[in-house]
Amino acid sequence: MNRPFLILLGVIGLVVPLLLSSPAHAVNPDEMLSNTVLEERARDISQELRCLVCQNQSIDDSDAELARDLRVLVRERLVAGDTDQQVIDYIVARYGDYVLLNPPLKPETYVLWASPVVLAILALIAVAAFYRRKQREAGAKPDKLSKDEQTRLNEILETAQKDGSK
Amino acid sequence: MRFSLAVIPLVLFAALAGIFLINIDKDSSVVPSVLIDKPAPDFSLPPLPGADKGLSRADLTKGKVSVLNVFASWCIPCRAEHPMIQRLSSEADVPVFGLNYKEKDPQDGVKWLEELGNPYQAVGMDLSGRTGIDFGVYGVPETFIIDGQGQIKYKHIGPVTSEVLEKVLLPKIAELKG
């Protein structure tokens, strides 16, 4: 077998399992609700809530004890008839905005949300300034040699020719 | 123009270095409580087996500054901080209450206090962890300072060390007592 074919085979071997596998979840079968609509909503809510013990996982992904308790609590609130927003507000009232993996837009977070836009605008200004300067420099250069320069160049070329013919 | 452009990276670097310097001692795993200056949640917990008094919100609203310490026998840092809670109980002259968080067996908390000594005026047993969630507890041990009207005034997350006790908790309690 030739080498490109082997490489291709290797890439397929790496990529296909990744595409086929679904992300691992920590939800245990005994936590799940028999009502599939409510269970679906519980999963969506859980994926938005941060596990405070592991911090970079949602409670849907985390195996931590507290994450489990919160998953069960989310399902209890849903069964009791809360809307999705009410469930999220219930958790936020206890743990703060920090539990939201998607930070809300409010005065405290304006800087957070605005900074990418501000940085992008600054970068555009910098790029524009760079090209304008380049253009100006190019425009400032004279197109032709002055008379003196032309005479001097001719002299140099002549001497070079003479040296070369020797 | 050219000079001011050259200074920009330097200024940016200085600003970043300043931010890092300010935050270098900050523990990013500590999440500030949203419950500060809010009334303690309503709760009523049963006593440990053999004790006659549990713990409820009414215990925190008797006009005296109080301390609520969340502990568990399975929590190693709780064992480490226990002598500090005992010191707190004897030095601060305020009621110290215990929230026994999520024991596997109700007897575990009893045995733990028998072995290490009981600094608590009353202990509530939170087997389900629901009261813990209402208090925003996410890692034991946690220690709350509550004013006489039942408002949460301060929360320390993690074990109380002698430094935390002397420099943070005791001054805070003294300040609240006025």
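Residues numbered from 1 in each chain as written. Chains lettered and ligands numbered in written order. Predicted model: local features only at pLDDT ≥ 70, side-chain atom pairs only at ≥ 80, totals over all residues.

### As for the overall build of chain A
- Secondary structure summary: chain A contains 6 helices and 0 strands in total.
- Going from N to C terminus, chain A has its helices and strands arranged as α-α-α-α-α-α.
- By the compact-globule yardstick of 15 Å for 166 residues, chain A is too spread out, its C-alpha radius of gyration being 33 Å.
- Counting across all 166 residues of chain A, residues that qualify as buried make up 14%.
- A separation of at least 24 residues holds for 48% of the contacts in chain A among residues at least 6 apart in sequence. (Helix = DSSP H or I, 4+ residues; strand = E, 2+ residues; numbered from the N terminus. Rg over C-alpha atoms; globule rule 2.2 N^0.38 Å. Buried ≥ 20, exposed ≤ 12 C-beta atoms within 10 Å, placed from the backbone. Contact = placed C-beta atoms within 7 Å.)

### Things to note about the sheet that holds strand β3 (residues 66–71) of chain B
Residues and elements named next belong to chain B.
- Read from one edge to the other, the open sheet built from 5 strands follows the order β5-β4-β3-β6-β7, with strand pairing classed as mixed. Where the open sheet ends on each side, the last strands, each with one partner, are β5 (122–126) and β7 (152–157). Strand-to-strand twist across the sheet, computed as the mean angle between neighbouring axes with direction ignored, equals 20°.
- Bridge analysis of β3 against strand β4 (residues 96–101) gives 5 bridges, and the strand direction is parallel. Bridge pairing links V70 to L99 in β4. (Pairing = 2+ DSSP bridges. Axes fitted to C-alpha atoms, helices over the stretch in contact; angles between N-to-C directions.)

### A closer look at helix α4 (residues 84–95) of chain A
Residue and element names in this part refer to chain A.
- Between the first and last C-alpha of α4 there are 17 Å, a value that for 12 residues agrees with the 16 Å anticipated at 1.5 Å per step.
- Within the span of α4, buried status applies to V87, I91, R94 and Y95. The buried residues of α4 occupy one face: seen down the axis, they fall within an arc of 85°. Seen from the open side of α4, the exposed residues pointing more than 90 degrees away from its buried face are Q85, Q86 and D89. (Expected span 1.5 Å × (residues − 1). Arc of directions from axis to C-beta.)

### Re helix α3 (residues 106–116) of chain B
All names here are of chain B.
- Buried within α3 we find G109, V110, W112 and L113. Taken down its axis, α3 places every buried residue within 160° of arc, on the same side. α3 presents E114 and E115 as exposed residues on the side facing more than 90 degrees away from its buried surface.
- Here the buried face of α3 lies against β4 and β5.
- One or two positions beyond α3, positive phi appears at G117, with a value near 100°.

### With respect to the domain arrangement of chain A
- Split by domain assignment, chain A resolves into domain 1 (22–103) and domain 2 (108–165).
- Once you take the C-alpha centre of each, domain 1 of chain A and domain 2 of chain A turn out to be 58 Å apart. (Domains from an automatic or database assignment.)

### What to know about the pairing of β7 of chain B
Residues and elements named next belong to chain B.
- In the sheet, strand β6 (residues 142–146) pairs with β7 via 5 bridges, with the strands oriented antiparallel. By the bridge assignment, F144 is partnered in β7 with K155.
- Linkage of β6 to β7, two consecutive antiparallel strands, is achieved through a turn of 5 residues, within which G150 is found at a positive phi near 85°.

### Things to note about the packing of helix α2 (residues 36–48) of chain A against α4 of chain A
Residues and elements named next belong to chain A.
- One can describe the packing of α2 onto α4 by two numbers: an axis separation of 11 Å at closest approach and a directional angle of 40°. Taken as a pair, α2 and α4 cross one another with a handedness that is right-handed. Of the residues in α4, those touching α2 at R41, I45 and E48 are D84, V87 and I88.
- Class assignment of the residues belonging to the contact of α2 with α4 gives a composition of 3 nonpolar, no polar and 3 charged. (Left-handed = near helix turned anticlockwise from the far one by under 90°. Nonpolar A, V, L, I, M, F, W, Y, C, P; charged D, E, K, R; others polar.)

### Some words on the interface of chain A and chain B
- Listed by partner, the interface residues are 10 residues for chain A and 9 residues for chain B.
- Elements supplying a minimum of two residues to the side of chain A that touches chain B: α3 (65–79) and α4 of chain A.
- No other element matches α3 of chain A, which puts 3 residues into the side of chain A that touches chain B.
- The class makeup of the residues in the side of chain A that touches chain B is 6 nonpolar, 2 polar and 2 charged.

### Concerning the confidence of the model for chain B
- With 99% of its residues at a pLDDT of 70 or more, chain B has an overall mean of 93.
- In the predicted complex, the global pTM is 0.75; the interface-specific ipTM is 0.84. (pLDDT = per-residue confidence, 0-100.)

### Thoughts on the environment of S146 of chain A
Residues and elements named next belong to chain A.
- Turning to its location among the elements, S146 is positioned in the loop between α5 (110–140) and α6 (147–165).
- On the neighbour-count criterion, S146 (9 C-beta atoms within 10 Å) is exposed.
- Put simply, S146 and L14 are 132 residues apart on the chain and 65 Å apart in space, counted from C-alpha to C-alpha.

### Concerning the pairing of β3 of chain B
All names here are of chain B.
- The element β3 is extensively covered by neighbouring structure, given that 6 of its 6 residues are classed as buried.
- The alternating pattern of β3 places S66, L68 and V70 on one face and V67, N69 and F71 on the opposite face, and all of these are buried.
- Taking the sense of rotation as the criterion, the β-α-β connection linking β3, helix α2 (residues 76–91) and β4 turns out right-handed. (Right-handed = clockwise from strand over helix to strand, strands pointing away.)

### Describing the packing of α3 of chain A against α4 of chain A
All names here are of chain A.
- Viewed as axis vectors pointing N to C, α3 and α4 meet at an angle of 135°, and their least axial separation amounts to 9 Å. Considered as vectors, α3 and α4 are oriented oblique to each other. In terms of crossing hand, the pair formed by α3 and α4 is right-handed. Between α3 and α4, the residues in contact are L70, V74, R77 and L78 and V87, Y90 and I91, respectively.
- Here the contact of α3 with α4 is built from residues that sort into 6 nonpolar, no polar and 1 charged. (Parallel < 35°, antiparallel > 145°, perpendicular 65-115°, else oblique.)

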